[in-house]
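# Topology and contacts: notes
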Amino acid sequence: MVGEAPVPLLIQGMVVHRLLMIAGLAAAQMALAADVEWQVHGGNAAEMRHSPLTQVNTRNVGDLGLAWAADFDSARGQEATPLVVDGVIYSSSSWSNVYAFDARSGRRLWKFDARVPGEAAVHACCDVVNRGVAYSNGRIFVGTLDGRLIALNARTGKAIWSVMTVDPIQPYTVTGAPRIIKGKVLIGNGGAEFGVRGYVSAYDTATGKLVWRFYTVPGNPTDPAEAPVLRRAAQTWNGEWWKAGGGGTVWDSMAYDPQLDLLYIGVGNGSPWNQRLRSPGGGDNLFLSSIVALRPETGTYVWHYQTTPGEMWDYTATQHIILADLVIGGVKRHVLMQAPKNGFFYVLDRADGKLLSADAYSKINWASGVDLDTGRPRMNPEANYAVSGKPWLASPGPLGAHNWHPMSFDPQTGLVFIPTFELAFPYVPDEHFQRSNMAVNLGVDLNAASLPQEPQAKSAVLESVRGHLIAWDPVGKKKVWDVVYPAAWNGGVLSTAGGVVFQGDAGGHISAYQASDGVKLWSFNTEEGIVAPPIAYSANGEQYILVAAGWGGVYPLLTGEIALKSSRAGHVGRLLAFKLGARSELPKQSNATVTRAVEPKSFGDEATVQRGKGLYQRFCGGCHGDAAVSGGVLPDLRRSSYASSGAAWNNIVLEGALRERGMVSFSAELSREDSEAVRAYVAMRAVESSASTAH
Ligand code: CA
């Protein structure tokens, strides 16, 4: 079923050390001969996230125990894939800080504080997360939330150079891991919910000088096009899209094939979501939601495949890209695989971008399938809320059937292990859309999409939310096994040559499953939700499984009570390392989120409360949670002592007293009267929820 593992790709990044000692490094940083590390983000350039280590395997994985824990300094979401290079672990944390730890003991060697201004958080759709660092030639590279790219000395953690990769006036953020190709460090950005134009940039690793930049959406056609292909792309847009930015941010996935010398990037959603407001009259809107192949030397366009033409549901194609060789119909094909948000699993020929297969890996109602001749989805016309002007209850919703949490590919079984979930969403066109710099600009009414508070309707929604770990056969085009979780937003995946698949979950466990059939072999209570993907490495001949625990991301910020379902939060993030026979106790943590209980008292008339609800959902709910219910990462406003005092509340909401923590002043958008209306709504919700048994 599966061809030989692409050995040259596997060797890249998973360097087998031939030196017993590396001169100039401290004893703590030495790696033993034949240690297998994790030197690049996806485990190898093909981003398989599959470790060749076999010491931990299906027979003994039950004997895994905690070797050590090492704390970060923040309780926000931890999404990083750590790297392990020459016996040292390098990991970013939330707020873009970087840490180095001894790979055997977990002892902290240094910390780099990126000093991200708290204000940067207001432009982050999806928490102040960072998904990892890159290593090259004694340097660590990190992208920061406020848009910088920084090179650090890997030994000392001291900055060597720092460049600003975005226009700091615009609501860009950087959360993705840089990648290194041929002496260049590549970095994208996010911000499509706020209204930016996406691109990916390449900088010289030595100097930080910009080498090239590829824009994923065309600019104003009266200006010179930055690349010839953008003139062609502009023909797929209408109206004055450049004024809204267009979106198409490259906020996570990249992969590289050294034989074809092609860099693959995953491109994000349109901005605003509602296509009528972005490109009236429709159009494919290239290169939104596309996989684009570029030359890494120059950033020159080679080919693209668009997963969701005319994208309007936040169906990004930024999800993890894996390169592999598969035997399809008796022919060995060099393929690229992706399970983007839209719910179809795509297999492309990675030389030319030809679609080989596209099959639903989750519940889908926006399209009935994909035409293999044209490569286009057969869209359900009702899904086009932008044209119909009518609400559409979509599966998947804007968080996708699979989000950023990486999948893995096991060349031995030929299976792809995907962390998926079911979370429908009602797209209601926003009739009164007005752009704001203080809120997401979607053209979709988040107030109308709020979780119903009527108990039966609410529990029906809560019941419908599920998480899965599925094993997908990309040749047979079908699901082979399925582990069901009670909640969505579980962690990324690692598979190993020991026949084991590792995944953390929202409920605060890391578990091991048998790759062949999904049988659970081991589980450990981490007491904190996990979204990050585990990695495997060996140090001094011992195999470790390493994962960052730390609940967060857009799901707990935005979805409120839905995110509380079967999740655990509230602790400072930490790295947890496991090995065979280890029996360390999980160190105790105090709750990072301190909330003082206040007796809730409602005030304001019904009209004020309703106006406050609209303002809350527009300006506050994206971080503090739908219907004023915190999903566990930020303090719950209903229990905040600040909400009980108008003076304290306005000091924060209007004066920006907590800007250092990311809560900027909203005085540009909210009057004192508005601010009080929001407080009246929060107070009403506090009374309402203390009266019910709900959270
Ligand atoms: Ca998005």
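The following refers to the structure shown. (Residues numbered from 1 in each chain as written. Predicted model: local features only at pLDDT ≥ 70, side-chain atom pairs only at ≥ 80, totals over all residues. Heavy atoms only, no water.)

Our next topic: the sheet that holds strand 20 (residues 301–306). With antiparallel pairing, four strands are arranged side by side in an open sheet as 16-17-19-20. Looking at the sheet topology across the chains shown, the edges are occupied by strand 16 (254–257) and strand 20. Within the sheet, the average angular offset between the axes of one strand and its neighbour, ignoring direction, is 20°. In terms of strand pairing, strand 16 meets strand 17 (residues 262–266) through four bridges, oriented antiparallel. Bridging from a neighbouring strand, Met 254 pairs with Ile 265 of strand 17. (Pairing = 2+ DSSP bridges. Helix = DSSP H or I, 4+ residues; strand = E, 2+ residues; numbered from the N terminus. Axes fitted to C-alpha atoms, helices over the stretch in contact; angles between N-to-C directions.)

Once that is clear, we can look at the coordination of the calcium ion. Tetrahedral coordination by four donors puts the ideal angle at the metal at 109.5 degrees, and octahedral coordination by six puts it at 90 or 180 degrees. Only Glu 193 (OE), Glu 193 (OE), Asn 269 (OD1), Asp 314 (OD) and Asp 314 (OD) from the protein coordinate the calcium ion, and they sit 2.3 to 3.1 Å from it. Here the donor residues of the calcium ion share one chain and are spaced in sequence as E-x75-N-x44-D. Highlighted residues: Glu 193 in the loop between strand 12 (184–187) and strand 13 (199–204) and Asp 314 in the loop between strand 20 and strand 21 (321–328), separated in sequence by 121 residues. Residue class for Asp 314 comes out buried when judged on its relative accessible area of 5%. (Donors = N, O, S within 2.8 Å, 3.2 Å for Na, K, Ca; no water. Buried < 20%, exposed > 50% of the residue type's maximum accessible area, 1.4 Å probe, protein only.)

Turning next to the packing of aromatic side chains. How two aromatic rings sit relative to each other is set out by the distance from centre to centre and by the angle between their planes. Applying the stated rule across the entire model yields 34 aromatic pairs. Considering the side-chain rings of Phe 345 and Trp 472, the 5.6 Å spacing of their centres and the 35° angle between planes classify their relative orientation as tilted. With Phe 345 in strand 23 (residues 344–349) and Trp 472 in strand 31 (residues 466–473), the pair connects residues that are 127 residues apart, well separated along the chain. Where Tyr 616 meets Tyr 681, the ring centres are 5.6 Å apart and the plane angle is 50°; that geometry is what we call tilted. Taken together, the residues Tyr 616 in helix 8 (residues 606–624) and Tyr 681 in helix 10 (residues 672–691) connect sequence positions 65 residues apart. Neither residue differs from the other here; Tyr 616 and Tyr 681 are each classed as buried. Each member of the aromatic cluster is reached from another via a ring pair, and the members are Tyr 305, Trp 313, Tyr 315, Phe 344, Tyr 346 and Trp 366. (Phe/Tyr/Trp six-rings, centres within 6.5 Å; stacked < 30°, edge-to-face > 60°.)

Right, let's get into helix 9 (residues 646–653). Along helix 9, the residues classified as buried are Gly 646, Trp 649, Asn 650, Ile 652 and Val 653. Angular distribution of buried residues about the axis of helix 9 spans 160°; they occupy a single face of the element. (Arc of directions from axis to C-beta.)

Such coordinate-based values are descriptive only and should not be taken to indicate function.
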